Amino acid sequence: MQINQKQKSKIHYDKKAESEFFVDNSALAGFTGERILYMSVRELIENSLDSCEINHILPVIHLKLKILDSLNDLWTISCKDNGIGIPSEKVPVAVCSFLTSGKYVEKQQRGLFGVGLKMIAAFSTKDTDHPLRVWSKSEDESECYFDLRTDIGTNKPITLLKKNVKNDESQIEGESGFKVEAILRAKLSPVTKNKIYDYISQTSIVNPYAIIIFETDEGKVTFKRRTEIMPNPSREVLPHPSDMDLKTLKKAISNFMNQKTTLQGILAGSFQKMSTDKAKDIINRAGLQVKPADKYDEHELIKVVNICKHTKFQSPNTDHLSPIGEKILTVGMTSEYSIIQNKEATNSGSQTHLTTKILKPSLTAYSSRICVVNNRPTVVECGIAYGGDIPSFKLYRFANKIPLLYDEGSDVAREVISEVGINKMGISKKEVKEQFSNVETKSDRTVEYLPIHIFFHICSTKIPYKTAGKESIASEGDLKKYMKSCLSDLYRKVSAQIRKELKIKEDENKLRLYKHYIPFIVDAISDSIKIDSKKLSKAFQDLAEKYVSGELTNITKQIFQDSKDKGKVNDVDSKKNILNNGKGNEIILSKFDTRTNGSKHGSNVKLAKINAPRKSQKKG
């Protein structure tokens, strides 16, 4: 069926603002229905930590999450820190305009896309009539206050109010800081609430130098500072030439537009591990003439890019990265904070109060590796906490000191756990499953039966996240190989302690079994002969304890001092029915015996008849 020419419609091409795109596709940034409050908590804490660490300030973060209108699912969320703050003229754009950030540099930092805080502002504008309230104070300026909204259709901020804050109305106590308060419409399920609690707890583990105060309608908890040692701040670094592309090269040329610099000078000054001689050699191999850098066209520049792709350079620098480090991670592992919800019965019903619990393991170990992923230097850190207060297995994942709580099944860390066998610890699957058979786990992985916490931290200028939500890491390059190497190293470090504890657990099980059957044995003896059952039971228990502890290496030799004397022991004329107590002292059965001489004699006759040696007869 043919359509009339007049009836054919025309397609109109429109441009969508960045803010409108992200609001319409909020799942790209992780802001889906039940995750809105979780992602808001996460983005605010990450921004606060970055703001403090950039100037090596010990962080103090105060986070509030309270219900405003339960009927309409309105929540108030606020976060205050003592970081460097934002200059007043930059606050509206930095808070409300998508893809605007001071973090678009080659540098290790938590923030990455310039989307998180803007999503909070946009959702507040989209779902409520409340403005976003912001207080900012930098070292060079006094405290300023803003009421802001986002124009979602144009990606521009709307400043409703701006004023300087008087001293008596100040919200920021120190020399600098930042506070933001938003009203959001969201539902908080029990699962999401627990994820928020886990996120704050795990943030405290890898940032033990930070004080985090968390306040909700259920109570207020404080994660104390356990160390004042901070990692060295990360620094900006030049890109590596092996990762060069046409866009990167053109951007480097534009940065030198006002200077009369040759292409050779731009290559040497804009990329690490690129000497002047190396740059000259690359240009010669590309067959380019010498002329001002801005006079080269794309066809000529792509030749330079292709030559760099096939040129071997030195490995990238790693000193600009800021890993957690052994000392700080060990402090975090040896004092793991977790939020506990305690329910109390009141006249009006049950109420929940928040408290913190600290887990202290009996053993911790640390290992790290340096590798290159996608031509970017990457530090892999791994830690293990075992035993003590740790009840069961748990995997902790971190990227640039950010806890990752969702999508664990698709993360490279989960693959590493599955592929590194516990035989590195010198123990078998059978041993673990026998000794920890009462552990509730749905997994077939043997390591998940152990009371062990495994920590993975990936540190890089560009983490290979699988999605913009930053919840799982892809297995790119040699990343998995180095993670497996770290975990194998740690398994070997803790192997002696785990083998020792498995032996203790096995001995406890044996002793429990022996003590279970001792009363039955004593009762059986008491039925045949009159004997002091309490003393005999105590003797048997002492014997079992010494045997399990290793004091008695061969119990048969201790009971029967010479195997040749077995007949004599059982003989009717022998009065020495001996049990050895492990110290060379003999426990004579006769001392437990309460029978008369006559009954003893009668019993001996029977015993003699039973124990009479039988001659073997050979068939002819």
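Attention here is on the structure that accompanies the text. (Residues numbered from 1 in each chain as written. Predicted model: local features only at pLDDT ≥ 70, side-chain atom pairs only at ≥ 80, totals over all residues. Heavy atoms only, no water.)

### Points about the overall build of the protein
Turning to step 1, where the next piece is worked out: Each helix and strand counted, the protein has 17 helices and 17 strands in total.
Turning to step 2, where the next piece is worked out: Every one of the 620 residues in the protein was classed for burial, and the buried ones make up 45%.
Turning to step 3, where the next piece is worked out: With an accessible surface of roughly 33,500 Å², the protein has 49% of that area assigned to carbon and sulfur atoms. (Helix = DSSP H or I, 4+ residues; strand = E, 2+ residues; numbered from the N terminus. Buried < 20%, exposed > 50% of the residue type's maximum accessible area, 1.4 Å probe, protein only. Areas by Shrake-Rupley, 256 points an atom, 1.4 Å probe, with all protein chains shown as cover.)

### So, the sheet that holds strand β15 (residues 452-460)
Turning to step 1, where the next piece is worked out: Pairing within the open sheet is mixed, and its 5 strands lie in the order β11-β12-β15-β13-β14. With one partner strand each, in any of the chains shown, β11 (363-373) and β14 (402-403) form the two edges of the open sheet.
Turning to step 2, where the next piece is worked out: Here 2 bridges tie strand β13 (residues 394-399) to β14, and the two strands are oriented antiparallel to one another. Opposite A399, over in β14, you have I402 as the bridge partner.
Turning to step 3, where the next piece is worked out: Relative to the sheet, helix α13 (residues 479-528) contacts β11, β12 (376-386) and β15, its axis offset from that of β11 by approximately 165 degrees. (Pairing = 2+ DSSP bridges. Contact = heavy atoms within 4.5 Å. Axes fitted to C-alpha atoms, helices over the stretch in contact; angles between N-to-C directions.)

### Description of helix α8 (residues 276-286)
Since the α-helix advances by 3.6 residues per turn, residues separated by three or four positions end up pointing in the same direction.
Turning to step 1, where the next piece is worked out: For α8, the full list of buried residues reads A279, I282, I283 and A286. With its buried residues spanning 95 degrees around the axis, α8 presents them on a single face. Exposed positions of α8 whose direction lies more than 90 degrees from the buried face are D277 and N284.
Turning to step 2, where the next piece is worked out: Immediately downstream of α8, the backbone of G287 shows phi near 70 degrees, a positive value. (Arc of directions from axis to C-beta.)

### Here we look at the pairing of strand β1 (residues 60-69)
Turning to step 1, where the next piece is worked out: Judged from the 6 bridges that link them, β1 and strand β7 (residues 211-216) form a sheet pairing that is parallel. What sits directly across from V60, in β7, is I211.
Turning to step 2, where the next piece is worked out: Judged from the 7 bridges that link them, β1 and strand β2 (residues 74-81) form a sheet pairing that is antiparallel. Looking at β2, one finds that L63 is bridged to C79.

### A word on the packing of α8 against helix α9 (residues 298-309)
Turning to step 1, where the next piece is worked out: Following both chains from N to C, one finds α8 and α9 inclined at 115 degrees, their axes separated by 9 Å at the closest point. Every pair of crossing elements has a handedness; the one defined by α8 and α9 is right-handed. Contacts between α8 and α9 involve I282, R285 and A286 from the first element and K303, V304, I307 and C308 from the second.
Turning to step 2, where the next piece is worked out: Looking at the contact of α8 with α9, its residues break down into 5 nonpolar, no polar and 2 charged. (Left-handed = near helix turned anticlockwise from the far one by under 90°. Nonpolar A, V, L, I, M, F, W, Y, C, P; charged D, E, K, R; others polar.)

### Some words on the sheet that holds β1
Turning to step 1, where the next piece is worked out: Taking strand neighbours across the sheet as the criterion, the 8 strands line up as β5-β4-β3-β6-β2-β1-β7-β8 in an open arrangement whose pairing is mixed. Among the strands making up the open sheet, the edge pair consists of β5 (156-164) and β8 (219-223). Taking each pair of neighbouring strands and ignoring which way they run, the sheet shows an average axis angle of 15 degrees.

### Some words on the side chain of N155
Turning to step 1, where the next piece is worked out: Within the secondary structure, N155 is located in the loop between β4 (144-151) and β5.
Turning to step 2, where the next piece is worked out: N155 sits in the buried class, given a relative accessible area of 9%.
Turning to step 3, where the next piece is worked out: A distance of 2.8 Å separates a polar atom in the side chain of N155 from the backbone nitrogen of F98.
Turning to step 4, where the next piece is worked out: What N155 contacts, discounting residues up to four positions off in sequence, is A17, E18, S19, C96, S97 and F98. (Polar contact = N/O pair within 3.5 Å; in protein donor to acceptor, adjacent residues only side chain to side chain.)

### As for the packing of helix α6 (residues 246-255) against α9
Pairs of packed helices are described in terms of their axes, by the angle between the two and the distance that separates them.
Turning to step 1, where the next piece is worked out: Contact pair α6 / α9: the axes reach a minimum separation of 9 Å and the direction vectors enclose 110 degrees. Comparing their axes, α9 and α6 come out roughly perpendicular. Crossing of α6 against α9: the hand is right-handed. Of α9, the residues touching α6 (which contributes L246, L249, K250 and I253) are E298, L301, I302, V304 and V305.
Turning to step 2, where the next piece is worked out: Class assignment for the residues of the contact of α6 with α9 results in 7 nonpolar, no polar and 2 charged. (Parallel < 35°, antiparallel > 145°, perpendicular 65-115°, else oblique.)

### Section: the nonpolar core
Turning to step 1, where the next piece is worked out: Membership of the largest hydrophobic core comes to 93 residues, with the highest contact counts inside it found for I200, V447, I454, F456 and L487.
Turning to step 2, where the next piece is worked out: Here this core takes 9 residues from α13, the largest share from any one element.
Turning to step 3, where the next piece is worked out: Sequence-distant contacts of V447, defined by excluding residues within four places in its chain, comprise F393, I417, I422, M425, I452, I454 and Y491.
Turning to step 4, where the next piece is worked out: Residues L249, M274, A286 and I307 belong to the second largest nonpolar core, which totals 22 residues. (Core = buried A, V, L, I, M, F, W, Y, C linked by side-chain atoms within 4.5 Å.)

### Some words on the environment of S51
Turning to step 1, where the next piece is worked out: Counting through the fold element by element, S51 comes out in helix α2 (residues 36-53).
Turning to step 2, where the next piece is worked out: In sequence terms S51 and N82 are 31 residues apart; their C-alpha atoms lie 8.1 Å from each other.
Turning to step 3, where the next piece is worked out: Beyond its immediate stretch of four places on either side in the chain, S51 contacts D81, G83, I84 and G85.
Turning to step 4, where the next piece is worked out: Within the local environment of S51, its side chain forms a polar contact with the backbone nitrogen of I84, the two atoms lying 3.0 Å apart.

### Details of the side chain of T128
Turning to step 1, where the next piece is worked out: As for its position among the elements, T128 is in the loop between α4 (116-127) and β3 (132-137).
Turning to step 2, where the next piece is worked out: Judged by its relative accessible area of 9%, T128 falls in the buried class.
Turning to step 3, where the next piece is worked out: From its side chain, T128 meets the backbone oxygen of S124 in a polar contact 2.6 Å long.
Turning to step 4, where the next piece is worked out: T128 has contacts with L74, F123, R149, I183 and R185, leaving out every residue within four places of it along the chain.

### Points about the pairing of β2
Where a strand is regular, its side chains alternate between the two sheet faces.
Turning to step 1, where the next piece is worked out: Taken across its 8 residues, β2 has 8 buried, putting it largely inside the fold.
Turning to step 2, where the next piece is worked out: Residue alternation in β2 divides its side chains into two sets, L74, T76, S78 and K80 and W75, I77, C79 and D81, and both sets are buried.
Turning to step 3, where the next piece is worked out: Two elements, β2 and strand β6 (residues 177-185), share 8 bridges in a ladder whose sense is antiparallel. Each bridged residue has a counterpart across the sheet, and for S78 the counterpart in β6 is E181.

### Observations regarding the packing of aromatic side chains
Turning to step 1, where the next piece is worked out: In this structure the tally under the stated criterion is 10 aromatic pairs.
Turning to step 2, where the next piece is worked out: Between Y38 and Y406 the ring centres are 5.1 Å apart and the planes differ by 75 degrees, which places this aromatic pair in the edge-to-face class. Taken together, the residues Y38 in helix α2 and Y406 in the loop between β14 and α11 (412-419) connect sequence positions 368 residues apart.
Turning to step 3, where the next piece is worked out: Seen from their ring centres, Y396 and F455 are 4.6 Å apart, and the 10 degrees between their planes marks the pair as stacked. Remark: F455 occurs in strand β15 and Y396 occurs in strand β13; sequence separation between them is 59 residues. Summarising the burial analysis for this pair, Y396 and F455 share the class buried. (Phe/Tyr/Trp six-rings, centres within 6.5 Å; stacked < 30°, edge-to-face > 60°.)

This is a description of form; function is not addressed.
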